[in-house]
Amino acid sequence: MAQTWDTCHIEMSQTRFPATLEEWQAYSPALAHCSSTVNMPELWVISVVPSQTCFWQTYPRSIVITATDIPIQYPYETFGLDRALSIWTAGTLYQWPVFVIDAGTALTYTGALTPTDCLGGAILPGLGLQLRSLSQSTAALPTIALPQDLPSRWSLTTDIAIQSGILHTLVSGIIDFIRAWLEQYPTSQIVLTGGDAETLYRYLLQASKPKAVPKLLDRVILQPQLQGIGLLHLRQQKSDRSLLF
Ligand SMILES: Nc1ncnc2c1ncn2[C@@H]1O[C@H](COP(=O)(O)OP(=O)(O)O)[C@@H](O)[C@H]1O
Ligand SMILES: CC(C)(COP(=O)(O)O)[C@@H](O)C(=O)NCCC(=O)O
């Protein structure tokens, strides 16, 4: 993979669809050297947000992934497309069984024994959502930034009390899920991905220092770009198939 980047936040209610090459160029450094819409590169899209899917579908060369494109058996009908791609990619890269922790807008845990035996998992609000929910849904709590280091558990200020509550509870929860999975599937790899993966990994390491947790964390592979790698694999599979037929 040559490069990854985040686009600016796209607020759907205020955004009209880009109509020209110049407008698309604002979304991606990969388009900097395009001279016309004809030589724009392919864009592979995976989205669980319908308004975002509509937006990216207007890109001239978009390929939008749907459930049938990902070669796993879905454990239930409403299972997220992003979770399907993550677990398939993790199993393909690091072998089955595998456990994926996706620290995105929502934080999801997903486990699978094989591509046809996904056990589902769990969903909770992600780090940013937890922080925002407190400031937005209470009268007195402020919006706070995340600290570099895991704070002291016992706090005498509101800001650090929020940091402590969210971070210690999240880190303990993640360690508990990892431990429970490894008890059942001791050979499994654990993959940590998503926009908050690096931040959470740092906190997990800090939490583990005084305790016997490092052994568990040795099993955690930090791979923030799991879904991007998954899209590359799907693209490779598609081009292999078109060579065969
Ligand atoms: N450069 C960035 N742009 C947007 N979000 C980021 C960035 N770096 C870290 N994040 C964090 O990533 C989380 C979203 O993760 P992501 O995997 O992009 O979301 P989603 O699961 O919705 O695709 C947010 O909690 C946000 O705080
Ligand atoms: C749980 C999710 C919102 C997570 O999405 P994300 O925050 O990673 O963008 C998404 O996987 C989804 O919409 N899932 C459908 C429900 C399910 O998987 O059970």
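Per chain, residues are indexed from 1 in the order of the written sequence. Chains carry letters and ligands carry numbers; both start at the beginning, A for chains and 1 for ligands, and go up in the order they are written. Predicted model: local features are reported for residues with pLDDT of at least 70 only, side-chain atom pairs are reported and counted for 80 or more only, and whole-chain, interface and lining totals are derived from all residues. Calculation of side-chain values draws on the structure's entire complement of heavy atoms; hydrogens and water are dropped beforehand.

(A) Summary view of the overall build of the protein chain. The numbering of helices and of strands both runs from the N terminus, where a helix is a DSSP run of H or I of at least 4 residues and a strand a run of E of at least 2. Across its full length, the protein chain carries eight helices and seven strands. Dimensions of the protein chain, computed from the C-alpha atoms along their principal axes, are close to 60 × 45 × 35 Å. Each residue is placed in one exposure class: buried if its accessible area under a 1.4 Å probe, protein chains only, is under 20% of its type's maximum, exposed if it is over 50%, and partly exposed if it falls in between. Counting over 245 residues, the protein chain shows a buried share of 40%. Surface accessibility of the protein chain: about 13,700 Å² in total, with carbon and sulfur atoms responsible for 56%. When charges are counted, Lys and Arg contribute as positive and Asp and Glu as negative, whereas His and the chain ends are disregarded. Here the site of a charge means NZ on Lys, CZ on Arg, CG on Asp, or CD on Glu. Computed over 14 positive and 18 negative side-chain charges, the separation of the two mean positions in the protein chain equals 5 Å. Residue-level accessible areas treat just the shown protein chains as cover; the underlying method is Shrake-Rupley with a 1.4 Å probe.

(B) Representation of the site of ligand 2. The full set of residues close to ligand 2 is Val48, Tyr76, Thr78, Phe79, Gly80, Asp82, Arg83, Thr105, Ala106, Thr108 and Ile123. Each polar contact in these results corresponds to two N or O atoms within 3.5 Å; when the atoms are within protein, one needs to be able to donate a hydrogen and the other to accept it, and residues that are neighboring in sequence are counted only if both atoms are side-chain atoms. Measuring from an oxygen atom of ligand 2, one finds a backbone N or O atom of Gly80 at 2.9 Å. Measuring from an oxygen atom of ligand 2, one finds a backbone N or O atom of Ala106 at 2.8 Å. Surface burial for ligand 2 is 73%, taken as the share of its 470 Å² of free accessible area covered by protein chains. Working definition: residue near molecule or strand if any one of its non-hydrogen atoms lies within 4 Å of it.

(C) Molecular detail of the environment of Gly173. Examined against the element boundaries, Gly173 turns out to sit in helix α5 (residues 158–184). The class of Gly173 is partly exposed, set by a relative accessible area of 24%. Distance from Gly173 to Trp96, taken between C-alpha atoms, is 23 Å for residues 77 residues apart in sequence.

(D) Molecular detail of the sheet that holds strand β5 (residues 117–125). Between any two strands, at least two bridges found by DSSP are needed for them to pair. In spatial order, the strands read β5-β4-β3-β6-β7; together these five strands make up an open sheet with mixed pairing. The sheet is open, and its two edges are formed by β5 and β7 (220–222), each paired on a single side. If you compare each strand with its neighbour and ignore which way they point, the axes differ by 20 degrees on average. Bridge count for strand β3 (residues 98–103) against strand β6 (residues 189–193) is five bridges, and the pairing is parallel. Note that in β6 the partner of Val100 across the bridge is Val191. The contact criterion used throughout is that any non-hydrogen atoms of two residues lie within 4.5 Å. A fitted line through C-alpha atoms serves as each axis, taken over the contacting stretch for helices, and the angle formed by two N-to-C directions is quoted from 0 to 180°. Together, β3, β4 (106–114), β5, β6 and β7 form the strand contacts of helix α3 (residues 81–94), whose direction differs from that of β3 by roughly 135 degrees.

(E) Expanded view of the layout of surface pockets. Volume-wise, the second largest pocket comes out at about 180 Å³. Around the second largest pocket, the lining residues are Trp44, Ile63, Val64, Ile65, Thr68, Asp69, Ile70, Pro71, Leu234, Gln237, Lys238 and Arg241. Broken down by secondary-structure element, the contributors of at least two residues to the lining of the second largest pocket are β2 (62–64) and α8 (226–244). Sorting elements by how many residues they give to the lining of the second largest pocket places α8 first, with four residues. Grid points spaced at 1 Å and placed over the protein atoms alone form the basis of the search, with a cavity being a set where a 1.4 Å probe fits but cannot get out and a pocket an open set showing protein on both sides within 12 Å along at least five of seven lines. Lining residues have an atom within 4 Å of a point. Grid points are joined across faces, edges and corners, and a volume is the space filled by probe spheres set on the points.

(F) Region of the structure containing the domain arrangement of the protein chain. Segmentation into domains, and thus their bounds, comes from an automatic or database assignment. Domain boundaries in the protein chain define domain 1 (12–64) and domain 2 (80–228). Summarising the inter-unit geometry, the C-alpha centres of domain 1 and domain 2 are found 30 Å apart.

(G) Main features of the site of ligand 1. The local shell around ligand 1 consists of Asp6, Gly104, Thr105, Gly128, Gly194, Gly195 and Asp196. In the environment of ligand 1, an oxygen atom lies 2.9 Å from a nitrogen or oxygen atom belonging to the backbone of Gly195. Relative to its unbound accessible area of 570 Å², ligand 1 is 46% covered by the protein chains. Each residue is assigned to one class: nonpolar for Ala, Val, Leu, Ile, Met, Phe, Trp, Tyr, Cys and Pro, charged for Asp, Glu, Lys and Arg, and polar for all the others, Gly among them. Residue classes in the shell around ligand 1 are distributed as no nonpolar, five polar and two charged.

(H) Seen up close, the packing of aromatic side chains. Classification of ring pairs rests on two measures: the distance between centres of Phe, Tyr or Trp rings, Trp counted by its six-membered ring, which must be within 6.5 Å, and the angle between planes, read as stacked under 30 degrees, edge-to-face over 60 and tilted in between. A complete count under the given rule lists 14 aromatic pairs for this structure. For the ring pair Trp24 and Phe55, a centre distance of 5.7 Å and an interplane angle of 65 degrees mean the geometry is edge-to-face. Placement of Trp24 in helix α1 (residues 21–25) and of Phe55 in helix α2 (residues 50–57) is noted, with a sequence separation of 31 residues between them. Neither Trp24 nor Phe55 differs from the other in exposure class; each is buried. Within the aromatic cluster, the residues linked to one another by ring pairs are Phe17, Trp24, Tyr27, Phe55, Trp56 and Tyr59. Across the ring face of Tyr203, the terminal group of Arg202 is positioned such that the distance to the ring centre comes to 5.2 Å. Here, a charge over a ring is recorded when the distance from Lys NZ or Arg CZ to the ring centre is within 6 Å and its angle to the ring normal is within 35 degrees.

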